[in-house]
Amino acid sequence: MTVPFMDAYVQLLIRTCHKRGVHAMGGMAAQIPIKNDKEANDKAMEGVYADKLREVRAGHDGTWVAHPALASIASEVFNKHMPTPNQLFKRREDVHITGNDLLNMNMPGTVTEEGIRKNLNIGLGYMEGWLRGIGCVPINYLMVSLPSPACGFEVQNLMVNFYICRKMQPRQKSVGVSFGNGASTASRQLRAKRLTKPMHRSF
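Starting afresh in each chain, residues are numbered from 1 along the sequence in its written order. Totals for whole chains, interfaces and linings use all residues, but because this is a predicted model, local features are given only for residues with pLDDT of at least 70 and pairs of side-chain atoms are given and counted only at 80 or more. With hydrogens and water set aside, each side-chain value is computed from the structure's full complement of heavy atoms.

Asker: When you look at the packing of helix α2 (residues 38-58) against helix α3 (residues 71-81) in this model, what are you seeing that I'm missing?
Answerer: The relative placement of two packed helices comes down to the angle between their axes together with the axis-to-axis distance. Convention adopted: a line fitted to C-alpha atoms gives each axis, helices being fitted over their contacting stretch, and angles between N-to-C directions are expressed from 0 to 180 degrees. Numbering of helices and strands starts at the N terminus; helices are DSSP runs of H or I of at least 4 residues and strands are runs of E of at least 2. Axis separation between α2 and α3 bottoms out at 9 Å; the angle between their running directions is 35 degrees. Here α2 runs over α3; the crossing is right-handed. In contact with M45, V48, Y49, K52, L53, E55, V56 and R57 of α2, α3 contributes I73, A74, E76, V77, F78 and H81. Note on residue classes: Ala, Val, Leu, Ile, Met, Phe, Trp, Tyr, Cys and Pro are nonpolar, Asp, Glu, Lys and Arg are charged, and everything else, Gly too, is polar. Taken together, the residues that form the contact of α2 with α3 break down as nine nonpolar, one polar and four charged. It is the rotation of the near helix from the far one that decides the hand of a crossing: anticlockwise by less than a right angle makes it left-handed, clockwise makes it right-handed. Contacts between residues were defined by any pair of non-hydrogen atoms, one from each residue, lying within 4.5 Å.

This is the structure:
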């Protein structure tokens, strides 16, 4: 939620809700406890705390979590930093978000083969859970609900398509792609190749 377009969305959401006297709900903490790796679990829980702290400081009136074990963390943060029943008094009139802010895709990082593999793996995880009739599934230690698996799969697919299209339009600044296997660009061929290879089951 810290990349430019998501941060703009959060600020606009709080301003819009509070202007109309409606509570602004924070995002869901999708993490689930990692039972067999204390170090990884501690890092994940620290991330949950940081996310909830950012939400309450931004002006959210409440939040939610995917796993009961996270409820105490969320409650601790909001009870400490929001002693009032809500934060409707934070009108956020200093916020002026434009359409360009909501479309600001400038962010650090590069596109890698590993990242594309994860996109495809997560997308397949959505569809696999849906086909089994499961309402929610853990994917990479994140709890994912499946009310609309086609939507979840499409998000992953759109991300890969975005990489491909950016490389197909030389007038735009190229996304940094480093596959390390001789391929220098994201392509439909690379996507098809990855889909035909066995994938690690992380869901």
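Asker: Which parts of the structure should I look at to understand the pairing of strand β2 (residues 62-65)?
Answerer: Every regular strand shows the same layout, with side chains that alternate between the two sheet faces. At least two DSSP bridges between two strands are needed for those strands to be called paired. Where strand β1 (residues 25-29) lies against β2, three bridges are found, and the strand directions are parallel. Along β2, the bridge assignment pairs A29 with V65. Crossovers are marked right-handed if the path from the first strand over the helix to the second runs clockwise, as seen with the strands pointing away from the viewer. Where the polypeptide runs from β1 across α2 and back to β2, its parallel neighbour, the crossover connection is right-handed.

Asker: Looking at this structure, how should I read the nonpolar core?
Answerer: Nonpolar side chains tend toward joint burial in soluble globular proteins. Counting residues in each nonpolar core, the largest one holds seven residues, listed as A29, I34, A44, M45, V48, L70 and I73. Among the elements that line this core, the one with the most residues is α2, at three residues. Not counting residues up to four positions away in its chain, the partners in contact with I73 are M45, V48 and Y49. Grouping buried Ala, Val, Leu, Ile, Met, Phe, Trp, Tyr and Cys residues that are joined through side-chain atoms within 4.5 Å yields what is termed a nonpolar core. Residue burial is assigned from relative accessible area. The probe radius is 1.4 Å, only protein chains are included, and a residue is buried under 20% of its type maximum, exposed over 50%, and partly exposed in between. In this structure, V111, L120, V160 and Y163 belong to the second largest nonpolar core, which totals six residues.

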